[in-house]
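Examining the three-dimensional arrangement
Chain by chain, the residues run as shown.
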Amino acid sequence: MTKRNIVQLLTQLINAYQNTRTERQEIAIQFPPEDEEFYLLEELELLTVNLRGYASQIQSTDKIVNQGQAIEQLQAMQVLNVP
């Protein structure tokens, strides 16, 4: 059941990402980076790539390789540090 839900979420995430190309381009124009660090859109794209990768691992192997490292990476992402 959980694996099926993760696979469904992966499909929805892929579709949403593909369908928001125009919106992402508009965000990039309206909110350009202020310095050399990652800005919001890049952080969201990294999060999307990471989540897709983890979901794909679960889909194909029923687990996430290096779970501790995956959790650390997700916790370190700035987009998730919303007060």
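No experiment lies behind these values; they were computed from the predicted model shown. (Residues numbered from 1 in each chain as written. Predicted model: local features only at pLDDT ≥ 70, side-chain atom pairs only at ≥ 80, totals over all residues. Heavy atoms only, no water.)

This brings us to the overall build of the protein chain. Each helix and strand in the protein chain was counted, giving four helices and zero strands. Secondary structure of the protein chain in N-to-C order comes out as α-α-α-α. Counting every position in the protein chain, which comprises 83 residues, the buried fraction comes to 16%. Excluding contacts between residues fewer than 6 apart, the proportion of contacts in the protein chain whose partners are at least 24 apart in sequence is 58%. On the protein chain, roughly 6600 Å² of surface is accessible, and the fraction owed to carbon and sulfur atoms is 54%. (Helix = DSSP H or I, 4+ residues; strand = E, 2+ residues; numbered from the N terminus. Buried < 20%, exposed > 50% of the residue type's maximum accessible area, 1.4 Å probe, protein only. Contact = heavy atoms within 4.5 Å. Areas by Shrake-Rupley, 256 points an atom, 1.4 Å probe, with all protein chains shown as cover.)

A separate point is the packing of aromatic side chains. Per the stated rule, a full pass over the model turns up zero aromatic pairs. Arg-24 extends its terminal NZ or CZ atom over the ring of Tyr-17, reaching a point 3.8 Å from the ring centre. (Phe/Tyr/Trp six-rings, centres within 6.5 Å; stacked < 30°, edge-to-face > 60°. Lys NZ or Arg CZ within 6 Å of the ring centre and 35° of its normal.)

Looking now at the side chain of Arg-24. With respect to the secondary-structure elements, Arg-24 resides in helix H2 (residues 21–30). Side-chain polar atoms of Arg-24 contact the backbone oxygen of Tyr-17, separated by 2.8 Å. Not counting the four nearest positions on each side in its chain, Arg-24 is found in contact with Tyr-17, Leu-41 and Glu-45. (Polar contact = N/O pair within 3.5 Å; in protein donor to acceptor, adjacent residues only side chain to side chain.)

Attention shifts here to unusual backbone geometry. A negative phi angle is the norm for most residues apart from glycine, just as the trans form is the norm for most peptide bonds. You will see that Asp-62, though not glycine, has its phi angle at about 70 degrees, which is positive. Locating Asp-62 in the fold gives a position in the loop between helix H3 (40–61) and helix H4 (67–76). Asp-62 gets classed as exposed once you look at its relative accessible area, which sits at 54%. Of note in the backbone geometry, Asn-66 takes a positive phi value of approximately 55 degrees without being a glycine. With respect to the helices and strands, the residue Asn-66 is situated in the loop between H3 and H4.

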